[in-house]
Amino acid sequence: MQAFTLMIGILCAFFLPGYYASCCLRSRNLLLSSPILSLLILFNVFLLLQVCGLGLGLFQLVAILLLLACLFLIVDFRLNRNRSHAFPSMKISPRAKEWIFSIPVMLATFLLVARLFFQPLESYDNFFRWEYLAQQIYYERNISFYPPFDAADFVKYFYPDAIPPMISLCYSMIYMSLGEVNKLAAAAFVIFEHLLILYGTYRLSSAMFSRRAAMASISILCTSTLFFFSIKLGQENGMICLATLCTALFLTGENITWRDVLLSSASASLGALSREYGGILLFLGLAIAVKRRLAIRQILLFPLFFFILTSPWYLRTWVITGNPFYNNDFFGLFPLNRIHHDILWTYDAYYNLFIDFPNRFLFAIGLLLKTAALPVLLGLLAFFFDSRKCACLLFGVAMIFAVWLYSVGQTGGGIFYSMRVLAPAIVLLSVCAGSLLERFDLFKSLGAKTVLALVLTASAVALLQNAIVPYSVFKIPPPFSRNFWKAGFGDEKNYPELVCRSIPFRPGSKILTDMPNIHATVQKLRREGVSNLDDVEVVPVWSPDCAFLFDRALSPQTVAVRLREAGIEYIVIDRSGRNLNQVFLDKYPFFQKCDELTVLVASVPFAEFRWIR
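For clarity, every value in this text was computed on a predicted model and none was experimentally measured. (Residues numbered from 1 in each chain as written. Predicted model: local features only at pLDDT ≥ 70, side-chain atom pairs only at ≥ 80, totals over all residues. Heavy atoms only, no water.)

### Regarding the packing of helix H3 (residues 30–51) against helix H14 (residues 258–272)
And step 1. Contact pair H3 / H14: the axes reach a minimum separation of 10 Å and the direction vectors enclose 55 degrees. Relative to H14, H3 is oriented oblique. Both H3 and H14 take part in a crossing whose hand is left-handed. Between H3 and H14, the contacting residues are Ser33, Ile36, Leu37, Leu39 and Leu40 on the first element and Leu263, Ala266, Ser267, Ser269 and Leu270 on the second. (Axes fitted to C-alpha atoms, helices over the stretch in contact; angles between N-to-C directions. Helix = DSSP H or I, 4+ residues; strand = E, 2+ residues; numbered from the N terminus. Parallel < 35°, antiparallel > 145°, perpendicular 65-115°, else oblique. Left-handed = near helix turned anticlockwise from the far one by under 90°. Contact = heavy atoms within 4.5 Å.)

### Thoughts on helix H20 (residues 387–407)
And step 1. The end-to-end C-alpha distance of H20, which contains 21 residues, comes to 28 Å, matching closely the 30 Å that a straight helix rising 1.5 Å per residue would cover.
And step 2. Most pronounced at Leu393, the bend in H20 amounts to some 30 degrees.
And step 3. Regarding H20, the residues found buried are Cys390, Cys392, Leu393, Leu394, Gly396, Val397, Met399, Ile400, Val403, Trp404 and Ser407. (Expected span 1.5 Å × (residues − 1). Bend = angle between axes of the 7 residues up to and from the residue. Buried < 20%, exposed > 50% of the residue type's maximum accessible area, 1.4 Å probe, protein only.)

### Description of empty space enclosed by the protein
And step 1. Summed over all chains, the structure comprises four cavities of 30 Å³ or more.
And step 2. Roughly 60 Å³ of volume is contained in the largest cavity.
And step 3. Lining the largest cavity are Arg129, Trp130, Leu133, Tyr146, Tyr157, Asp161, Ile163, Pro164, Pro165, Met166 and Ser168.
And step 4. Of all the elements in the fold, those that place two or more residues in the lining of the largest cavity are helix H7 (130–140) and helix H9 (166–178).
And step 5. Tallied by class, residues from the lining of the largest cavity come to eight nonpolar, one polar and two charged. (1 Å grid on protein atoms, 1.4 Å probe; cavity = no way out; pocket = protein on both sides within 12 Å on 5 of 7 lines; lining within 4 Å. Points joined across faces, edges and corners; volume = space filled by probe spheres on them. Nonpolar A, V, L, I, M, F, W, Y, C, P; charged D, E, K, R; others polar.)

### Here's the deal with the packing of aromatic side chains
The description of an aromatic ring pair rests on the distance of the ring centres and on the angle between the ring planes.
And step 1. Following the criterion strictly, the structure yields 37 aromatic pairs and no others.
And step 2. Between the aromatic rings of Tyr171 and Phe189, the centroid separation amounts to 6.2 Å while the plane-to-plane angle is 90 degrees, which identifies the pairing as edge-to-face. A residue pair is termed long-range when its members are at least 10 positions apart, and Tyr171 in helix H9 and Phe189 in helix H10 (residues 183–208) qualify at 18 residues. Note on accessibility: Tyr171 and Phe189 belong to one class, buried.
And step 3. A connected cluster of aromatic rings, assembled from ring pairs, spans Phe43, Phe46, Tyr132, Tyr146, Tyr157 and Trp313.
And step 4. Positioned over the ring face of Tyr588 is Arg552, at 4.3 Å from the centre of the ring. (Phe/Tyr/Trp six-rings, centres within 6.5 Å; stacked < 30°, edge-to-face > 60°. Lys NZ or Arg CZ within 6 Å of the ring centre and 35° of its normal.)

Such coordinate-based values are descriptive only and should not be taken to indicate function.
Below you can see the structure in the form of structure tokens.
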């Protein structure tokens, strides 16, 4: 029964509605347009049910999605009665010698499957954000707490952001179909996403250049550890890579119609509903449309359809929080959770690439070349050979690079972790890089042999990096040694979990912290029935109910008293130096006197549990 419901859920959520909608629009790339349109339909059905106050159960979602699929089928039958609905040929048929380019692809894909099998969706952000939100949707059967704005919301979701929950919704749909939380099943979605990106890269490169160039493009892409890492995380990066490719692909080729414009606009919308910065794909699509000299009506249709698809989520966020891009500052036009915003800007002094210039900037460029050398160097070289064809893609690369430069100073994970934002740029550069192979007679010219040697060498280096990333790519342990396997496949202990199981918390007590992993850990243990955590809540320092923490007019002793009055008996802080949030918190009197006002209960790496006197 579980396998049956999983099959029905996957078909309805990720394929059927989009397939028949694609047929209505006469898509020439059904394998790509079907999941894209299906995801957009799923997202907006999910949002409609939430706005109407209806439950988000599997039955309701499947019933509505099946109904929509039937409606699209009827419309397609009436519009395209005599048109074949078969998939276009998916066959990748290079010459026999060109199959050598598939080696990096197969190696990278095999390693991705292996790491996702042993470490399904394991990354710091997933634990309290992406996959955690999917679990909350599954258990709560609604998303009324997201984005979190008041104190009650922060009890269920710790982090003050309003990232469109496209990825989390996909995972929760899989959980609902299975009837249980299963990270391994959700990780299979990441592999599916990876394969679609490879296929999209092949299709775009072959449409712009040739099949030989397409084989080279996907091979060059798979030499990038940065791309591998971005996909393995299971966050928004893979979806935005797919959206970027398809935004360009549906506007590539001959006889572009209004239907192709709608499909391209839908692809750009998928990016904007995966994370806010995905909205830049609107400008990529418009640039391509203008360069292709489409009719003005078709050009205007692109942003119109984009806003129709994306505006419901951002309008809902605006109504709830007063800021459609919560909690991002948009030229000072909208209110913010000021404490959390200021905490993020504390990171700027440590990670902004233009502070201590050029040292940090050169370090970041070194990281980029270490993890994506071939796509970057060959992609830029291809632009000089064929600037006419590559111009729009390089424009997209420039926009993504600008977004990364803005974001790096606010990314707590550091410079390399912030570089996952560049994954769509790596994909576009790989498409351009493949065009270089068109200029050589494969295996006969020195240039072709040089490119081939570079690809295979880079693939071997990337394989070692991919096995251990995000462990430092500058310090690869001896291959296949104990430290090598530990770096890539070792389990990272959740030390706070050990403490939370042992401390005798009073029922109904609250824990104050700035650390999202503490909140996620307590929620996880409460679901497991750990008795000492009954009715225990974790309160973030940026909760509206804790605003008095940052009132300099109050003495530290007064703040401690008010915390106890609010039921907050414990505080968890990280004095290891790794947590930059503490740099901001230590500017305020209570945190400066925290050791005097609290008693140390337990200490583990990166966390001190203290009882407020």
